[in-house]
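Chain by chain, the residues:
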Amino acid sequence: MSMKKHLQVPHLLLFTIVFSTALVNEVWGSLQYPIVVSTWPFLEAVRTAWEAVDSGFSAVDAVVEGCSACEKLRCDGTVGPGGSPDENGETTIDAMVMDGVTMEVGAVAAMRYVPEGIKVAKLVLEYTKHTMLVGDQASAFAISMGLPGPTNLSSDESIEKWTKWKENYCQPNFRKNVIPRDDCGPYHPNGPSIRRCMMDNEPRPNEFGSVNVGLHSHDTISMAVIDQVGRIAVGTSTNGATFKIPGRVGDGPIAGSSAYADAEVGACGATGDGDIMMRFLPCYQAVENMRLGMEPKLAAKDAISRIARKYPDFIGALFAVNKSGIHAGACHGWTFQYSVRNHGMNDVEVFTVHSQ
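Residues numbered from 1 in each chain as written. Predicted model: local features only at pLDDT ≥ 70, side-chain atom pairs only at ≥ 80, totals over all residues. Heavy atoms only, no water.

An unreviewed UniProt entry annotates the protein chain as beta-aspartyl-peptidase of Anisodus tanguticus. Under the UniProt heading Catalytic activity (unreviewed entry), the entry covering the protein chain gives this text: "Cleavage of a beta-linked Asp residue from the N-terminus of a polypeptide." What UniProt states about the protein chain under its Subunit (unreviewed entry) heading is, verbatim, "Heterotetramer of two alpha and two beta chains arranged as a dimer of alpha/beta heterodimers." (UniProt positions renumbered as here; feature names shortened; annotations may be inferred.)

J.: Teacher, can you tell me more about the pairing of strand E3 (residues 105-111) here?
T.: On any regular strand, side chains alternate: one points to one face of the sheet, the next to the other face. For E3, the buried fraction is high: 7 of the 7 residues fall into the buried class. Across 5 bridges, the pairing between strand E2 (residues 93-99) and E3 is antiparallel. When the bridges of E3 are listed, Met98 appears paired with Val105. Linkage of E2 to E3, two consecutive antiparallel strands, is achieved through a turn of 5 residues, within which Met103 is found at a positive phi near 65°. (Buried < 20%, exposed > 50% of the residue type's maximum accessible area, 1.4 Å probe, protein only. Helix = DSSP H or I, 4+ residues; strand = E, 2+ residues; numbered from the N terminus. Pairing = 2+ DSSP bridges.)

J.: Just to check I follow, could you spell out the sheet that holds strand E7 (residues 221-226) for this structure?
T.: Strand pairing in a sheet is mediated by backbone hydrogen bonds. Such pairs are either parallel or antiparallel. Read from one edge to the other, the open sheet built from 8 strands follows the order E4-E3-E2-E8-E7-E1-E13-E14, with strand pairing classed as mixed. The open sheet is flanked by strand E4 (132-134) and strand E14 (349-353), the only strands paired with a single partner. Each neighbouring strand pair of the sheet contributes to a mean axis angle of 15°, computed without reference to strand direction. Bridge analysis of E2 against strand E8 (residues 232-238) gives 6 bridges, and the strand direction is antiparallel. Residue pairing in the sheet places Ala95 in a bridge with Ser237 of E8. (Axes fitted to C-alpha atoms, helices over the stretch in contact; angles between N-to-C directions.)

J.: When you look at the state of the cysteines in this model, what are you seeing that I'm missing?
T.: One way to say it: the disulfide is the covalent bond shared by the sulfur atoms of two cysteines. The full count for this structure, using the stated rule, is 3 disulfides. In this model Cys70 forms its disulfide with Cys75; the gap between the sulfur atoms is 2.1 Å. With the S-S bond torsion at -125°, the cross-link from Cys70 to Cys75 turns out left-handed. Given a relative accessible area of 0%, Cys70 falls into the buried group. The partner cysteine of Cys170 in its disulfide is Cys184, sulfur to sulfur 1.9 Å. Of note, the bridge from Cys170 to Cys184 carries an S-S torsion of about 90° and is right-handed in sense. Here Cys184 lies in the loop between strand E5 (178-179) and strand E6 (188-189) and Cys170 lies in the loop between helix H6 (156-167) and E5, a separation of 14 residues in the sequence. By sequence-ordered numbering of the bonded cysteines, the protein chain has its disulfides arranged as 1-2, 3-4, 5-6. (Disulfide = S-S within 2.5 Å.)

J.: Looking at this model, I keep getting lost on the packing of helix H2 (residues 43-54) against helix H3 (residues 59-73). Mind explaining?
T.: Packed helices, taken two at a time, are described by the angle between their axes plus the distance between the axes. Closest axis-to-axis distance for the H2/H3 pair is 8 Å, and the angle between their directions is 150°. Accordingly, the angle class assigned to the pair H2 and H3 is roughly antiparallel. Of the two elements, H2 crosses H3, and the hand of that crossing is right-handed. Contacts from Glu44, Ala45, Thr48, Ala49, Ala52 and Val53 of H2 reach H3 at Ala62, Glu65, Gly66, Ala69, Cys70 and Leu73. Looking at the contact of H2 with H3 residue by residue, the classes come out as 8 nonpolar, 2 polar and 2 charged. (Parallel < 35°, antiparallel > 145°, perpendicular 65-115°, else oblique. Left-handed = near helix turned anticlockwise from the far one by under 90°. Contact = heavy atoms within 4.5 Å. Nonpolar A, V, L, I, M, F, W, Y, C, P; charged D, E, K, R; others polar.)

What follows is the structure, given as structure tokens:
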């Protein structure tokens, strides 16, 4: 009897192992992660994030690695130090990282003197109970936590760009309803600001477009990563809009606007006219759309359409990726490209999305 029991147990274990393996293979066969998705053809940033997540890094750490690579490369001159001078000729940094498992967010905004925005954002996430630090206080925090600084974030290129802008009477700029209208400041209100009902000949909100945002001023890397065990994170980094009013914070460090992640659903990353897009929290909307059962393509399209109905001349785009790794993009006002890497690809692949 004891020998019979001894023989039965291995058969039972073998059946259990075979059944479990088959179940795992069936489940993983329908999944497409780990995966890295990023706005724009920032190939080296995606490769860096992929190498990290493929070697076992968590989603958060892989996002930081990828965005950090973009900062060091100064992707398109709109990420990291040395680009997008403000009205004073200074470059500042906005960045954010979000853990889609814990829903924790770390962000910095209008940060001076410290070039590694995404790493500071991670420090805020890991070592504070806050969500965002801003300005010189964010810089002081970063340096106190061991990051290098203070350092000048301007470059020869950014100073040259700023100098030419000044010579062009500070045009274009982000001022409105001020005097002087077509020259550099100091600026003053053009008469009293009175809110009243609009007359028929006055411009409506949807008549204003993204006049200072174009193909070469999209100014953000927004990246999502799903790691080997299905954890999801997103991150962003930007040096903001070129010739912005000093102190301006765009959508880059705003969770739900430039990026959003929920490991139960998926993630989203956005780019474009942040001053308009942040009013709609398009990435939060896209993720919530997927929560309600929409496929990523429809979820992204709906989120962009909500903005376009109010501002038909705005420029912006986003990608959405669900928790299985299925991805899609949507855009308005330009042609958008986003980059993807997963195990089914030999290298990063770039997907092109045309304006809807």
